[in-house]
Amino acid sequence: MIHYSRRRLLKQGAALAGVAAIGSPAIVQAQSDKIRIGHLTPLTGFLGALGAYAQLGIRMSAEEINAAGGVMGRPLDIQSEDSVNPATAATKAQRMLDQDGVAVLMGEINSASALTIMQVADRNKRLFMQIGARSDALRGKNCNRYTFHVDIPSTVMVNAVGKALVRDNMMKDKKFYTLTADYIFGHDLARAAKAFFDGNGGKLIGDELVATDVTDFSPYLLKIRQSRPDIVCSNLAGNQVTNLIKQYAEFGLPYPIVGFNLNTADAWAAGDGNLSGTWPTVWYHTSDVPASKIFVANFIKKYGKPPENHAWIEYVSLKMMAQAMNETKSTDTDKLIAYFEKQTEFDILKARKGYFRAWDHQLMQEAYPFTVKPKGKAKDPWDTLELGAAIPAPNESLESIALTKEQNPCSM
């Protein structure tokens, strides 16, 4: 099979030699070379632990795709780098397009960095599959034709947890105090949370903006103690959540704590017995979907630990990109956009397949609330969470928890 693929590539190269002779050598080389994917994700800073899992997920996906013959008979080459911060992310994305010969851009977790990469994609008219950033604004006022979004956005996470709070009589007439990450994602999350409170009888009595490099939460916890809320709510991100949870447990505050954003690597890092309450997730490794179980088993065999949600989402994102390239027989941006905009369905290792909405390029998929196992009940350091039932329910549209056209200012 390998020899056949090489012969076919040689024939393609010969057929295109005439094109090269009249002034398009770059096109010929691109057709006969590896398909390079420009991958950016934070490997340092408050999101670094998540980015490390993201790299593991996309590498494993690429290895499986290449072992099965690659894409159009060509191997994928993942050019993966630390995005660092928004300015550096944009500079690296532009360099990848100009100098590294990447076909598409993929990745990111930080919403501010994702925004700058989106701007690079738009200027260069090249595809960016924005995988892990969750800000509503990226899919809303800042949306563009060249960007597709995989992870669940802020509003979906708020809806996932908010519906669970309503069900458990923890919303109507309850006083909430929120802590919010002071960057685009946190601000979006706070807006969505306040809208949910207002629409369901909750009362926001205080909100604190927290810089992403803050590690000492005692000033904020003292304010919470003085305010005496019914419920404390986290709109934080990355290791901010881990630090808050550990210190919240140490302070011994009597108010239940919930959150509208939590990645499982940060939950695991909080330690047994510290985390409590209801939180949202896009996927968890205890899912009983057969395809998900196979992925988890292979990941554990390879890396010695279960995949975090950013490993899963990067893994399925590259599979979606490979499917699109194989079925269009192209890496051309316009052809790939048309394929995704047809609302093609993809197996994303969940009970229901996902698809990108044509008008805002958001992947429609299930989300989940989860609760925390009591101290001492975990079988291992990763067995700390209890996954709730998927939302929407099986008989509901995947779009029932997403922003509508009337609510979302996206215009391409």
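Refer to the structure above for everything that follows.
Please read all numbers here as calculations on a predicted model, not as lab measurements. (Residues numbered from 1 in each chain as written. Predicted model: local features only at pLDDT ≥ 70, side-chain atom pairs only at ≥ 80, totals over all residues. Heavy atoms only, no water.)

Colleague: Hey, could you run me through the pattern of salt bridges in this one?
Modeller: Close approach of charged atoms lets side chains of opposite charge pair. This model, assessed by the stated rule, comprises 16 salt bridges. The partner of Glu63 in a salt bridge is Lys302, and the shortest N-O contact between them spans 2.7 Å. On the criterion of sequence distance, the pair formed by Glu63 in helix H4 (residues 48-67) and Lys302 in helix H13 (residues 290-303) is long-range, its members being 239 residues apart. The class of Glu63 is partly exposed, set by a relative accessible area of 43%. The partner of Asp188 in a salt bridge is Arg191, with the nearest N and O atoms 2.3 Å apart. One end of the pair, Asp188, and the other, Arg191, are both in helix H9 (residues 184-200), three residues apart, so they sit about a helical turn from each other. Take Arg191: its relative accessible area is 52%, and that puts it in the exposed class. (Salt bridge = Lys/Arg side-chain N within 4 Å of Asp/Glu carboxyl O. Helix = DSSP H or I, 4+ residues; strand = E, 2+ residues; numbered from the N terminus. Buried < 20%, exposed > 50% of the residue type's maximum accessible area, 1.4 Å probe, protein only.)

Colleague: I tried to follow the packing of helix H8 (residues 154-167) against H9 on my own but got confused; where do I start?
Modeller: When two helices pack together, their arrangement is given by the angle between their axes and by how far apart the axes lie. Here H8 crosses H9 at 35 degrees, and the two axes come no closer than 9 Å. Along this stretch, H8 crosses H9, giving a crossing that reads as right-handed. Each of Ser154, Thr155, Met157, Val158, Asn159, Gly162, Lys163 and Val166 in H8 lies in contact with H9, whose residues at this interface are Phe185, Asp188, Leu189, Ala192, Ala193, Phe196 and Asn200. (Axes fitted to C-alpha atoms, helices over the stretch in contact; angles between N-to-C directions. Left-handed = near helix turned anticlockwise from the far one by under 90°. Contact = heavy atoms within 4.5 Å.)

Colleague: Explain the packing of aromatic side chains to me, please; I cannot follow it from the model alone.
Modeller: Within a pair of aromatic rings, the relevant descriptors are the distance that separates the centres and the angle that separates the planes. Scanning all chains against the criterion turns up 18 aromatic pairs. Aromatic pair Phe299 and Tyr303: ring centres 4.6 Å apart, planes at 55 degrees, arrangement tilted. One end of the pair, Phe299, and the other, Tyr303, are both in helix H13, four residues apart, so they sit about a helical turn from each other. Since its relative accessible area comes to 0%, Phe299 is described here as buried. Between Tyr339 and Phe340 the ring centres are 6.1 Å apart and the planes differ by 70 degrees, which places this aromatic pair in the edge-to-face class. Assigned by exposure class, Tyr339 and Phe340 land together as buried. (Phe/Tyr/Trp six-rings, centres within 6.5 Å; stacked < 30°, edge-to-face > 60°.)

Colleague: Would you mind showing me how to read the sheet that holds strand E5 (residues 147-149) here?
Modeller: Here we have five strands laid out as an open sheet, ordered E2-E1-E3-E4-E5, and parallel in their pairing. Here the strands that pair on one side only, and so sit at the sheet edges, are strand E2 (76-82) and E5. Going across the sheet, the axis of each strand differs from the next one's by a mean of 20 degrees, ignoring polarity. Summarising the sheet, strand E1 (residues 35-41) and E2 pair through seven bridges and their orientation is parallel. Each bridged residue has a counterpart across the sheet, and for Ile35 the counterpart in E2 is Leu76. Docked against the sheet, helix H6 (residues 111-124) engages E1, strand E3 (104-107), strand E4 (128-130) and E5, running at close to 160 degrees with respect to E4. (Pairing = 2+ DSSP bridges.)

Colleague: How do you make sense of unusual backbone geometry when you look at a structure like this?
Modeller: With the exception of glycine, the majority of residues adopt a negative phi angle, and the majority of peptide bonds are in the trans configuration. Here the bond from Ile391 into Pro392 is cis, since omega is -5 degrees, no more than 30 degrees from zero. Within the secondary structure layout, Pro392 lies in the segment after strand E14 (385-387). With a phi close to 55 degrees, Met72 is a non-glycine residue in the positive phi region. Residue placement: Met72 occurs in the loop between H4 and E2. Backbone geometry places His361, a non-glycine residue, at a positive phi of 65 degrees. By the element assignment, His361 lies in the loop between strand E11 (355-356) and strand E12 (363-364).

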